[in-house]
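Residue-level structural notes
Residues per chain, in single letters:
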Amino acid sequence: MNNKAESLTPETVMATLSKVQDPELKKDLVSLGMIKDLLIDGGKVSFTIELTTPACPLKAKIEADARHAVEALDGVSEVDINLSSSVPSDGRISTLSQQMIRNAVAVASGKGGVGKTTVAVNVAVVLARLGARVGLMDADIYGPNVPTMMGVDSIPGSTGEKLVPAEAYGVKLMSIGFLVQPGQPLIWRGPMLHSAIGQFITDVEWGKLDYLIVDLPPGTGDAQLSLAQLMPLSGSLIVTLPQKVSIEDARRGLEMFRTLDVPILGVVENMSYLELPDGDRMDIFGQGGGEKLAREAGVPFIGAIPLDPHVREGGDVGVPIVVSHPDSAVAKALTSIAQDLAAKVSIQAMR
Ligand SMILES: Nc1ncnc2c1ncn2[C@@H]1O[C@H](COP(=O)(O)OP(=O)(O)OP(=O)(O)O)[C@@H](O)[C@H]1O
Ligand SMILES: [Mg+2]
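The structure presented is a predicted model; accordingly, all values stated were derived computationally and were not measured.

On to the packing of helix α1 (residues 10-17) against helix α2 (residues 59-71). Look at α1 against α2: their axes get within 9 Å of each other, and the N-to-C directions meet at 135°. On the basis of the axis angle, α1 is oblique to α2. Between α1 and α2 lies a crossing whose hand is right-handed. Together, Val13, Thr16 and Leu17 of α1 and Ala66, Ala69 and Val70 of α2 make up the contact between the two elements. The residue inventory of the contact of α1 with α2, partitioned by class, reads 5 nonpolar, 1 polar and no charged.

Listed below in structure tokens is the structure:
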């Protein structure tokens, strides 16, 4: 008997899919438990690939590889693939908060004014738009800028004991800026700082989050150190400018996370270059510093973000550039940085 359809079984399909790799996680889809709901109906094979993030940068490749592999099997007439996602957690944050926050990622730099908040805001919005559940915590208790950049000036209020976070562009956000008068100087003593940040985790109704992005204040002083210690971070993203002085400060920020045993997911170079009308690139602040920092520290370089006046304009009026100018070079860079970051979080969580 040589009935082709007869040789098509769940086992043969799984065996074939066990040769398809997730290029980021470097394991096959079957061992990773990513294949769900496999059904064979005559020559039609359908299954779900459960990715580790809806922001997966390689989802098209993974789907195509799986499709090609199954299509090559004898007796297959049609392959129907459904993509879903479930974000893994390294378990660090949920133990503290009792909430379902799967991963907290700090955006940091030793230096001020390099674009930490800009990166945090846009990365959060990109991840939410790709379908992840995202929170954004403004841990810059001295100069909270998240409310302005997200165009929100208050939280809805509280439910019993918990504060309800504001929401903008699909992202839940909380900032000390919501709790103090605008323009009022913020002076914190150590214990107050501890309790304020602690409350931002425990007393805010975050609900279920795949990613909590944490915008840290500049510097590597005691305040930053205790903030980073208070937050059970899954990882950190270091922002730098290309020039030497910025890199030195960013390196101090990076070393701080090392000391605290927080994984450094990568380095981003902001304000890398200016794109001129003729398409040429002009390096305003030097070149290649972010890559050099990443290389020397032995951490991944995640990407370079060009200069664009729309970034500042959007920040001032509360419309992130990925929303106002989604086709700009800056928005594209920020999108791929967000996706790469999500993939790195998954890799970290699955270690
Ligand atoms: N790629 C860019 N192109 C143009 N302007 C930018 C870019 N990135 C950031 N900016 C602008 O630079 C300023 C500083 O950025 P941002 O507030 O994000 O930095 P920061 O590191 O969070 O600063 P701080 O240390 O004060 O918290 C803002 O006005 C922002 O709009
Ligand atoms: Mg900031």
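Within a beta sheet, neighbouring strands are joined by backbone hydrogen bonds and run either parallel or antiparallel to one another. Spatial ordering of the open sheet is given by β10-β11-β7-β12-β6-β13-β14-β17, a layout of 8 strands whose pairing is mixed. Either end of the sheet is taken by a strand with one partner, and the two such strands are β10 (166-168) and β17 (301-304). Ignoring strand direction, the axes of neighbouring strands in this sheet form an average angle of 25°. Across 3 bridges, strand β14 (residues 264-269) lies against β17 in parallel orientation. Note on β17: the bridge partner recorded for Val267 is Phe301. Sheet strands in contact with helix α4 (residues 116-129) are β6 (104-108), β7 (134-138), β11 (171-175), β12 (211-215) and β13 (235-240), and its direction is about 165° off that of β12.

This part covers the site of ligand 1. The environment of ligand 1 is made up of 18 residues, and the closest members are Gly113, Lys116, Thr117, Thr118 and Pro306. Within the side chain of Lys116, a nitrogen or oxygen atom sits 2.7 Å from an oxygen atom of ligand 1. For ligand 1, the accessible surface in isolation is 630 Å², of which the surrounding protein chains cover 81%. Here the shell around ligand 1 takes 3 residues from α4, the largest share from any one element. Grouping the constituent residues of the shell around ligand 1 by class yields 8 nonpolar, 6 polar and 4 charged.

Cut-off values and rules
Residues numbered from 1 in each chain as written. Chains lettered and ligands numbered in written order. Predicted model: local features only at pLDDT ≥ 70, side-chain atom pairs only at ≥ 80, totals over all residues. Heavy atoms only, no water. Axes fitted to C-alpha atoms, helices over the stretch in contact; angles between N-to-C directions. Helix = DSSP H or I, 4+ residues; strand = E, 2+ residues; numbered from the N terminus. Parallel < 35°, antiparallel > 145°, perpendicular 65-115°, else oblique. Left-handed = near helix turned anticlockwise from the far one by under 90°. Contact = heavy atoms within 4.5 Å. Nonpolar A, V, L, I, M, F, W, Y, C, P; charged D, E, K, R; others polar. Pairing = 2+ DSSP bridges. Near = heavy atom within 4 Å. Polar contact = N/O pair within 3.5 Å; in protein donor to acceptor, adjacent residues only side chain to side chain. Areas by Shrake-Rupley, 256 points an atom, 1.4 Å probe, with all protein chains shown as cover.

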